[in-house]
Amino acid sequence: MSEVKIAAETRTEFGKGAARRVRRDNKVPGVLYGHGSEPLHLTLPGHDLLLALRTPNVLISLDIDGKSNELAIPKAVQRDPLKGFLEHVDLLLVKRGEKVTVEIPVQTEGELAAGGNLLEHVLNALPVEAEATHIPEAVTVSVEGLAAGASVHAKDIALPNGVTLAVDEDAVVLQVLAAQAEEATEGEAAEGAEVAEA
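1. Some remarks on the overall build of the protein chain
- Summing up its helical and strand segments, the protein chain has three helices and 13 strands in all.
- Looking at the protein chain as a whole, 32% of its 198 residues qualify as buried.
- Of the contacts formed within the protein chain by residues at least 6 apart in sequence, a portion of 63% connects residues at least 24 apart.
- Just so you have it, the protein chain exposes about 11500 Å², and 49% of that area is on carbon and sulfur atoms.

Shown next as structure tokens:
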């Protein structure tokens, strides 16, 4: 996992007006917290942060006021619901060698068994515990040949060395649904329409 370096400045003005001024300068207000330290209010460059956040659980190396370097991972990101720009970010302070609990995206590969079955992602992201500087970007699960009724549990997913599950190992991550269930629903709707017409 690569580190992304971002220069940040400490923020002394607070409130909606101050946050608007920060965003007008194409910057994002944020808070760095963790390890029992006082929350540190920061201003981060909007474009650099947006690029960094394209990677899930990105490790950010913060150069704060050119004086101190801190490692952090994003914990909460607020976006404008209409325009999608970043409004605020919460960053969790981490140390090298420290274990953190994060959610990593679940990706699939392969084709389901023939028959028009549907794959349902019960969990889009898998909660895991990993060393802060070695968080996997995603896990890939093969669904090759899985038929209706099959499911993939958390314990069935191969994790990289040093990464452990942070969820019940019997939790269902993926399941294969029979396509007939959808057709039956449409058939029932058609029958209901006929009854209504009668």
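2. What about the pattern of salt bridges?
- In the structure shown here, the tally under the stated rule is two salt bridges.
- Lys27 is paired through a salt bridge with Glu9; the nearest N and O atoms lie 3.5 Å apart. Taken together, the positions of Lys27 in strand β2 (residues 27-34) and Glu9 in strand β1 (residues 3-10) put the pair 18 residues apart, joining distant regions of the chain.
- Residue classification places Lys27 among the partly exposed positions, given a relative accessible area of 28%.
- Put simply, Asp170 and Lys155 hold a salt bridge, and the shortest N to O gap is 2.8 Å. Highlighted residues: Asp170 in the loop between β12 (164-165) and β13 (172-177) and Lys155 in the loop between β11 (151-153) and β12, separated in sequence by 15 residues.

3. Considerations on the sheet that holds strand β9 (residues 125-131)
- On the basis of which strands lie adjacent, the open sheet formed by four strands has the order β10-β7-β9-β12 and mixed pairing. Edge positions in the sheet fall to β10 (139-142) and β12, since each has one partner strand and no second.

4. Structural notes on the sheet that holds β1
- If you walk around this closed barrel you meet the six strands as β1-β3-β2-β6-β5-β4, and the pairing is mixed. Taken over all neighbouring pairs, the strand axes of this sheet differ in orientation by 45° on average, direction set aside.
- In this sheet, strand β6 (residues 86-94) lies alongside strand β5 (residues 68-79) in antiparallel orientation, the contact comprising eight bridges. Paired with Arg79 across the two strands is Leu86, which belongs to β6.

5. Let's talk about the nonpolar core
- Residues Ile73 and Leu126 are the most contacted members of the largest nonpolar core, which totals 23 residues.
- By residue number, the principal contributor to this core is strand β7 (residues 99-109), which donates four residues.
- Sequence-distant contacts of Ile73, defined by excluding residues within four places in its chain, comprise Asn57, Val58, Leu59, Asp90, Leu91, Leu92, Val94, Val100, Val102 and Ile135.

6. Describing unusual backbone geometry
- For Asp65, which is not a glycine, the phi torsion comes out positive at approximately 55°.
- Here Asp65 is to be found in the loop between β4 (59-64) and β5.
- A relative accessible area of 34% means that Asp65 is categorised as partly exposed.

7. A look at the side chain of Thr43
- One can find Thr43 in strand β3 (residues 37-45).
- Apart from residues lying up to four places away in sequence, Thr43 is in contact with Ala8, Glu9, Arg11, Val22, Lys27 and Val28.

8. What about the confidence of the model for the protein chain?
- In this model, the protein chain carries a mean pLDDT of 81, and residues with pLDDT of at least 70 account for 86%.
- Within the model, the stretch residues 181-185 combines pLDDT values under 50 with one contact to residues more than four positions away or in other chains.

9. Notes on the pairing of β10
- Only one face of β10 is buried, namely the one carrying Val139 and Val141, since none of Thr140 and Ser142 on the opposite face is buried.
- Pairing analysis gives four bridges linking β7 to β10, with the strands arranged parallel. Note that in β10 the partner of Val106 across the bridge is Val139.

10. A short note on the environment of Glu13
- Relative to the helices and strands, Glu13 resides in the loop between β1 and α1 (16-24).
- C-alpha of Glu13 to C-alpha of His41: the two residues are 28 residues apart in sequence and 9.1 Å apart in space.

The rules behind each value
Residues numbered from 1 in each chain as written. Predicted model: local features only at pLDDT ≥ 70, side-chain atom pairs only at ≥ 80, totals over all residues. Heavy atoms only, no water. Helix = DSSP H or I, 4+ residues; strand = E, 2+ residues; numbered from the N terminus. Buried < 20%, exposed > 50% of the residue type's maximum accessible area, 1.4 Å probe, protein only. Contact = heavy atoms within 4.5 Å. Areas by Shrake-Rupley, 256 points an atom, 1.4 Å probe, with all protein chains shown as cover. Salt bridge = Lys/Arg side-chain N within 4 Å of Asp/Glu carboxyl O. Pairing = 2+ DSSP bridges. Axes fitted to C-alpha atoms, helices over the stretch in contact; angles between N-to-C directions. Core = buried A, V, L, I, M, F, W, Y, C linked by side-chain atoms within 4.5 Å. pLDDT = per-residue confidence, 0-100.

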